Amino acid sequence: MELNSYSVANGLILGIETSCDETAVAVVKDGTSTLSSVIYSQQVHSKFGGVVPELAGREHERRILGVVRDAIEGAGLKMAKPQIEAIAVTMGPGLAGALMVGVAAAKALSLAWGIPLVGVNHLEGHLFAVRLERDPIVYPSVMLLVSGGHTMIVLVEKPGKYRVIGQSVDDAAGEAFDKVARFLGLGYPGGPEIEREAQFGDPKAVRFPRALRDGSFNFSFSGLKTAVVTYAKRNADVGVSDIAASFEDAVVDVLVEKTLNAASIFGAKSVALAGGVGANTRLRTVLTSRAHALDLAVCIPSRQNCTDNGAMIAAAGAWRLENFGPSDLALGAYPSLALP
Ligand code: KG4
Ligand code: ZN
């Protein structure tokens, strides 16, 4: 395991992701091609309307080795001696107890199989998800990273060179979806539930506020959430589907507008989408059509590569390993890790 001498040009990487409520493991070849991807989405949190950190860690602990085995065997390999070249694992940001399970499992497998370990930043993993798809990214790219914990506009000059040019000053976009869904009596996670309900509603039924139209690239969603709650309480006759569709429209509107403004101001050649909220159909279609109208290339991963998965961690890990070498076995879990 010599530092900086490792090439994974044709190698297989195992990616392990346990930062939140998905126990996810994948085998990826060349950092781009997914051979297997297994995701166990924890169900224990649904009755609480949000992730309970203690339960998340315990569920990961129970599931992790089974999910690793399914991913290894799904790629046609054998658990006893898989032809894997390295193990990439999410080291942060995320829930401490959840991250620690993935990191400990990765270290144990790295020792047992005698292969290097590489710690991956979860946010960088999301940005690498587009590399698992066919279309190569044209740089510089403005990437909209929208998940349950983060909402950021990131200027990517090339892989590994990131500049955060805007972010949420309060709730993340996914958090707003989850909170509004909970208030409307829909299930958890709220994003897919709102999306399903919104199909039957009119996005123009209610004009909810679009916050921070101040020329900045920052976002604010807590006022929108309050506006939805207040409106719904005062207008019991208006259907949940109209409220869901109008809320979704307000979120998508600001996300797309600010991303495209950033692309134009920073001279980006493409815009890209990353993170769980990137699975939202309305966001995908509106961003695509408005970016194409401006002659910008659009890189949008498939829905399953937007939400948390092991393949994106393997993709980012392959690149990190090739460029910076493996991590030390003293690797820890870093709950508040920032984008490198
Ligand atoms: O990236 P992710 O899987 O986990 C984090 O890193 O947070 O994102 C999860 C978030 C949740 O808030 C979930 O409600 C949201 O992504 N989400 C969606 C959709 N699918 C997942 N939001 C809107 N529309 C969707 N279809
Ligand atoms: Zn995520």
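Our structure's up above, just so we're on the same page.
Quick summary incoming for the structure in this document. On a predicted model such as this, the values are computed, not experimentally measured, just so you know.

Attention now goes to the packing of helix α5 (residues 190-198) against helix α7 (residues 240-265). One can describe the packing of α5 onto α7 by two numbers: an axis separation of 8 Å at closest approach and a directional angle of 115°. Where α5 crosses over α7, the handedness of that crossing is left-handed. Along the contact surface, α5 presents I194, E195, E197 and A198, while α7 presents V240, S241, A244, A245, F247 and E248. Of the residues contributing to the contact of α5 with α7, the split by class is 6 nonpolar, 1 polar and 3 charged.

Turning next to the site of ligand 1. Around ligand 1, the surrounding shell holds 20 residues, and the nearest of these are G148, D178, G191, E195 and G276. In the model, an oxygen atom of ligand 1 is placed 2.8 Å from a nitrogen or oxygen of the G148 main chain. Interatomic distance of 3.5 Å between a backbone N/O atom of V277 and an oxygen atom of ligand 1. About the coverage of ligand 1: the protein hides 89% of its 560 Å² of free accessible area.

Judged by how many residues are buried, strand β4 (residues 86-92) sits mostly within the fold: 7 of 7 residues are covered. Direction of pairing for strand β1 (residues 12-17) relative to β4: parallel, over a ladder of 4 bridges. The partner of G15 across the bridge, within β4, is A88. Taken together, the 5 bridges between β4 and strand β5 (residues 117-121) define a ladder with parallel strand orientation. Directly across from A88, in β5, lies its bridge partner V118.

Turning our attention to the sheet that holds strand β2 (residues 22-29). Read from one edge of the open sheet, 5 strands run β3-β2-β1-β4-β5, paired in mixed fashion. Each edge of the open sheet carries a strand with a single partner, namely β3 (33-41) and β5. For this sheet, the mean inter-axis angle between neighbouring strands, taken without regard to orientation, is 20°. Seen against the sheet, helix α1 (residues 53-74) touches β1, β2 and β3 and runs at an angle of roughly 25° to β2. Taken strand by strand, helix α2 (residues 96-113) contacts β1, β4 and β5, and its axis lies near 160° from that of β4.

Using the criterion set out here, one finds 15 salt bridges in the structure. Taking the shortest distance from any N to any O, the salt bridge between R320 and E124 comes out at 2.8 Å. With R320 in helix α10 (residues 310-324) and E124 in helix α3 (residues 122-128), this residue pair connects regions lying 196 residues apart in the sequence. The pair R320 / E124 is uniform in exposure class, with both members buried. Linking R213 and D253 is a salt bridge whose minimum nitrogen-to-oxygen distance equals 3.6 Å. One end of the pair, R213, is in the loop between α5 and α6 (222-234); the other, D253, is in helix α7, with 40 residues separating them in the sequence. The partly exposed category is assigned to R213, whose relative accessible area is 44%. In this structure, a network of salt bridges that share partners links the residues K204, R210, R213, D249, D253, E257 and R282.

Moving on to the coordination of the zinc ion (ligand 2). Bound to the zinc ion (ligand 2) are the protein donor atoms H122 (NE2), H126 (NE2) and D308 (OD), situated 2.0 to 2.1 Å from the metal. When the donor residues of the zinc ion (ligand 2) are listed from N- to C-terminus, their spacing reads H-x3-H-x181-D. Separated by 4 residues within a single helix, H122 and H126 lie in helix α3, roughly one turn from each other. The two residues H122 and H126 agree in class, both being buried.

Definitions and limits used
Residues numbered from 1 in each chain as written. Chains lettered and ligands numbered in written order. Predicted model: local features only at pLDDT ≥ 70, side-chain atom pairs only at ≥ 80, totals over all residues. Heavy atoms only, no water. Axes fitted to C-alpha atoms, helices over the stretch in contact; angles between N-to-C directions. Helix = DSSP H or I, 4+ residues; strand = E, 2+ residues; numbered from the N terminus. Left-handed = near helix turned anticlockwise from the far one by under 90°. Contact = heavy atoms within 4.5 Å. Nonpolar A, V, L, I, M, F, W, Y, C, P; charged D, E, K, R; others polar. Near = heavy atom within 4 Å. Polar contact = N/O pair within 3.5 Å; in protein donor to acceptor, adjacent residues only side chain to side chain. Areas by Shrake-Rupley, 256 points an atom, 1.4 Å probe, with all protein chains shown as cover. Buried < 20%, exposed > 50% of the residue type's maximum accessible area, 1.4 Å probe, protein only. Pairing = 2+ DSSP bridges. Salt bridge = Lys/Arg side-chain N within 4 Å of Asp/Glu carboxyl O. Donors = N, O, S within 2.8 Å, 3.2 Å for Na, K, Ca; no water.

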